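This is what each chain is made of:
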Amino acid sequence: MQVVFVEHKNNLSIKSINTPDIKDDEVLIKVKVAGICGSDIHTYNDVHSFRKPPASMGHELSGVVVKNGKNVNEKIVGQKVTVMPQRGCGICIHCKYGEINLCNNRVAPGVNDWLGSMADYFVAHSSIVFPIPEYMSYKTSALAEPLSVGFRTVEKADVKTSDNIAILGSGTIGLLSLHALISKGVNNTIITDIREYPLNIAEKIGASYVFNTSKYDNWTEKILNITQEKVDKVIIANDAPNIINEALKIVKKGGKIITVAMFNQKQHIDISNLQSSEKEIIGCMTYNKSNFYDALNLLEKDSRNNEEITNSIITHSFPLREAHKGFEIMNNKKENVLKVILRL
Ligand SMILES: [Zn+2]
Ligand SMILES: [Zn+2]
């Protein structure tokens, strides 16, 4: 089968290898759609914290089960599925509390011997395989993973429907966090970006305000002019230098800042602002099962709504053999690029 690898920095190859064997508790999935994630681009640029080249690529996917392990009911064969692409060890303190995302020995595709989803076939333990309804398309299903991240940010922000929330950054994760927030009944949202295209999508999704920070030198003040008061919570979905201090300027006393972006560089924090006004900065890492269920429920609704959100967020699609084009287009971050998918 064909698999996409990052050999070394900015060097992609498609290798032919044997289709992997499955263990008793696993299934083999024929991949139909694999999404390119911002974190794949981090590996492509060799700045990812743990997924280092050479590495097979991809963890977002949808497909059809074609083979079941001995311990998996054979009825799953032929089922349309998506996968929550991480596994815990099952024995550490975090796994005991169901926080697989924090497992001390968490495994993910592209690390060790688990091959990534940008391949003809993908192996997954049956416990992380989720059936999807026939009416849901493969491309919509492949958004389950990034949308779960959106639901995790909502969970970490501990949102109330009356909250005023700012999302800094309208990449795929920023937009899907907005989508998740609105689905939970939050009506006061402001979202930023330096590009107009994603802000237009944010308006479609239902943001109360969209704000292009590139138009102002002192954008935090301008934002406060719009919101009238400081916001209850800020979700940071971009890694611009000084973004945390900017978030500290717009969040109210006692407010929460959720960091979901992956940071390549260290940030200095105005710690006395944080301390004296009891603000909190909270990390947010992938998702857990409940976030995945929330994502699937929302995607089912979107599917019945003509996939309007899917079609806005997935801006580009290439066959697997043109993976290099997909990576380049995402790496260049042009005006109208959000989620790029590969088709198989
Ligand atoms: Zn992802
Ligand atoms: Zn564990």
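The structure we're discussing is the one just above.
This report concerns the structure included in the present document. Fair warning: this is a prediction, and the values are worked out from it, not measured in the lab. (Residues numbered from 1 in each chain as written. Chains lettered and ligands numbered in written order. Predicted model: local features only at pLDDT ≥ 70, side-chain atom pairs only at ≥ 80, totals over all residues.)

Considerations on the overall build of the protein
Counted only if it meets this: For helices the rule is a DSSP run of H or I covering at least 4 residues; for strands it is a run of E covering at least 2, with both sets numbered from the N terminus onward. The globule rule is 2.2 Å times the number of residues to the power 0.38, and the radius of gyration it is compared with is taken over C-alpha atoms. Here the C-beta atoms are placed from the backbone, and a residue counts as buried if at least 20 other C-beta atoms lie within 10 Å of its own, exposed if 12 or fewer do, and partly exposed otherwise. Note on contacts: each residue gets a C-beta atom placed from the backbone, and two residues are in contact if those atoms are within 7 Å.
Of regular secondary structure, the protein possesses 12 helices and 16 strands. For the protein, whose C-alpha radius of gyration is 20 Å, the value lies close to the compact-globule estimate of 20 Å for 344 residues. Principal axes of the C-alpha set define a box for the protein whose edges measure 60 × 40 × 40 Å. Across the 344 residues that make up the protein, the buried fraction comes to 46%. Taking all contacts inside the protein whose residues are at least 6 apart in sequence as the whole, residues at least 24 apart take part in 69%.

As for the environment of Val 31
Relative to the helices and strands, Val 31 is located in strand 3 (residues 26–36). On the basis of neighbour count, Val 31 is assigned to the buried category, with 25 C-beta atoms found within 10 Å. Leave out the neighbours within four places in its chain, and Val 31 touches Leu 61, Gly 63, Ser 117, Ala 119, Asp 120, Tyr 121, Phe 122 and Leu 344.

Quick notes on the pairing of strand 11 (residues 209–212)
Rules: Strand pairing is assigned whenever DSSP detects at least two bridges linking the two strands. The handedness of a crossover follows from its direction of travel: if, with the strands pointing away from the viewer, the path from the first strand over the helix to the second runs clockwise, the crossover is right-handed.
Examined bridge by bridge, strand 10 (residues 188–193) and strand 11 share four bridges and lie parallel to one another. Within strand 11, the position partnered with Asp 193 by the bridge is Asn 212. Taking the sense of rotation as the criterion, the β-α-β connection linking strand 10, helix 6 (residues 196–205) and strand 11 turns out right-handed.

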